[in-house]
Amino acid sequence: MPKTLHIANSLTRKKEEFKPIHEGRVGMYVCGPTVYNSVHLGNCRTFMSFDVIYRYLMHLGYKVRYVRNITDVGHLVGDSDDHDAEDKISKRARIEQIEPMEIVQKYTVGFHEKMQLFNCLPPSIEPRATQHIIEQIEMVQQIIDNGYGYEKNGSVYFDTIKFAKESGVYGKLSGRILDDLISESRDNLKNQSEKNHPADFAIWMKAAPEHIMRWNSPWSEGFPGWHLECSAMSTKYLGKTFDIHGGGNDLKFPHHENEVAQNHGACGCHPANYWLHTNMLLMNGAKMSKSVGNTITPDELIGGDSHLISKGYSPMVIRFFNLQAHYSSPLDLTDEGLQAAEKGYRRLMEANKTLQAFTHPDGGSDGALNSEIAKLIAETEEEMNDDFNTPKALAKLFELASKINGLKDGHLDWEALADDTLANLKQLYQSYIFDIFGLKEEGESGGDNGVLSGVMELVIDLRQNARANKDWGTSDKIRDKLNELNVVLKDWKDGTSWSVN
RNA sequence: GGUCGGUUGGCCGAGCGGUUAGGCAGAGCUCUGCAAAAGCUCGUACAGCGGUUCAAAUCCGCUACCGACCUCCA
């Protein structure tokens, strides 16, 4: 387990020590959503994963500039380089019979709501493609000037084959083999319209007459290619070369590969030192897709409004569920798995409440328990340094939960625990659960001015009297009735605690 | 078809050469008026077949399944 942060770099396919370009600072770019529809649950997983990465980098003391774009133009339906292909936003606008920018607004707002629900921190900058048309046009020009772009009938294409041959870079990220790309031409050269080669891709597209979203450019009235926005905006806000580029692994090809090509083509340098790819969210063993019939929206998952699940799961349970798997592994969403996560989440939160309420009876000494706990604390940190291993770090927190419960239970001896170890443990739990994992307490009404707790104190007191008189009828009635109201009573040796479910 | 990756106990999911992952579920016990919670103990694993090694879930080969990408996708 490493003492310093190590990251699995998709570019090199190796785990490497993380070294930022500028000491103490990190620039991170993550491909955001195309806002033509409600957010896909898979999007949420990716952004939750990067949220934890963002939070952990800050925890390590880095000043992080986290850029996550909003794609609001250029993403086409179907064949991406076909003039008749429709822009995703435009298409939706036509269906809903409103302006494209109304679509963008509507689904951007919806996206932000979901991000907030899942407790994802907003990125430092959230640039939109339509706000950076000028930068994109400039980049197209640079690519042309450097000999990697060519214009045909108002559209501009990236000369992939030329770039691939000259740079030796193309295909590195996604593991494509250059020969395969080149030989592709024999198969479908015939039906290519304007491109010199099927592997070439549009960086500027001339708009068909009926195309609504269009801007003036030196080549035509048109719109930028999808891959271009990320190159242009990452360069603008993070520089020509920055630290981390992230996204779902389904973007590796062609999106990220083409992004790399564009950056090289424009400025002759590699955009990011470390590439991170999150893996897919599966539903009952397969990637969610409409044809398989295993899709579920965030709202349906939370509301329990789907035949795929037996009940609704809260956003924090879903977040916890996500933390139990490594970001680079596929995660299978199942009803049983979610139920397990729900209980695990509660157990962890309960342990934290117990822990934070601890006061050390007497300054303990350095016993076996002390070193055991100190070791687990250190290991938690090291697990996160190992490529953000949240499931492993979480496992350590659970091992610590046993210790916490043991102390509360009287099973473990306070004498064997030193004051500063307890303080460290409190600090660890607090920062991991809330700051790094981004979990939070749920179902807390708040703002009742302590009325509820006052009432509960009274009720528990009355019930305590009944119990003292062995009036089990009354005491059980109170407990049962409260249970119906989702208030759970637990009788401990030294009193009764309550919580709202 | 091509290219990657995966196959771990009832379920989810870590580990990637020697050591308990963890969560959930299950069994027994302790505590308790009962319950809940908690604690203690326990069981069932590394797809199959070969190989390398003192030692393999972990490395290599083959086979069988599964998935992703190759076309829009987080």
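Residues numbered from 1 in each chain as written. Chains lettered and ligands numbered in written order. Predicted model: local features only at pLDDT ≥ 70, side-chain atom pairs only at ≥ 80, totals over all residues. Heavy atoms only, no water.

**Q** What is the right way to look at the state of the cysteines in this model?
**A** When the sulfur atoms of two cysteines share a covalent bond, that bond is a disulfide. For the structure shown, the criterion picks out zero disulfides. Note on Cys230: no disulfide assigned, nearest cysteine sulfur contributed by Cys31 at a separation of 3.8 Å. Relative accessible area serves as the criterion here: at 2%, Cys230 is assigned to the buried category. (Disulfide = S-S within 2.5 Å. Buried < 20%, exposed > 50% of the residue type's maximum accessible area, 1.4 Å probe, protein only.)

**Q** Please explain the protein's contact with RNA strand B as it appears in this structure.
**A** For RNA strand B, the set of nearby residues contains 57 residues, the closest of which are His75, Trp226, Gly248, Leu251 and Lys287. Counting only atoms of RNA strand B within 4 Å of the protein, the fraction found in sugar and phosphate groups is 70%. Between RNA strand B and Leu281 there is a distance of 3.1 Å, counted from a base nitrogen to a backbone nitrogen or oxygen. The side chain of Asp491 places a nitrogen or oxygen atom 3.1 Å from a base nitrogen of RNA strand B. Mapped by element, the contributors of at least two residues to the surface near RNA strand B are helix 1 (41–59), strand 9 (242–248), strand 13 (331–333), helix 11 (335–356), helix 13 (390–409), helix 15 (451–468), helix 16 (472–484) and strand 14 (487–492). Looking at the surface near RNA strand B, the element that brings in the most residues is helix 13, giving eight residues. Each residue belonging to the surface near RNA strand B can be placed in one class, and the counts come to 17 nonpolar, 21 polar and 19 charged. (Near = heavy atom within 4 Å. Polar contact = N/O pair within 3.5 Å; in protein donor to acceptor, adjacent residues only side chain to side chain. Helix = DSSP H or I, 4+ residues; strand = E, 2+ residues; numbered from the N terminus. Nonpolar A, V, L, I, M, F, W, Y, C, P; charged D, E, K, R; others polar.)

**Q** Honestly, the packing of aromatic side chains in this entry has me stumped. Any pointers?
**A** Aromatic rings in a pair are described by how distant their centres are and how their planes are angled relative to each other. For the coordinates displayed, the defined rule picks out 16 aromatic pairs. Seen from their ring centres, Tyr56 and Phe388 are 6.1 Å apart, and the 90° between their planes marks the pair as edge-to-face. Taken together, the residues span a long stretch of sequence, with Tyr56 in helix 1 and Phe388 in the loop between helix 12 (368–385) and helix 13 at a distance of 332 residues. Tyr56 sits in the buried class, given a relative accessible area of 0%. (Phe/Tyr/Trp six-rings, centres within 6.5 Å; stacked < 30°, edge-to-face > 60°.)

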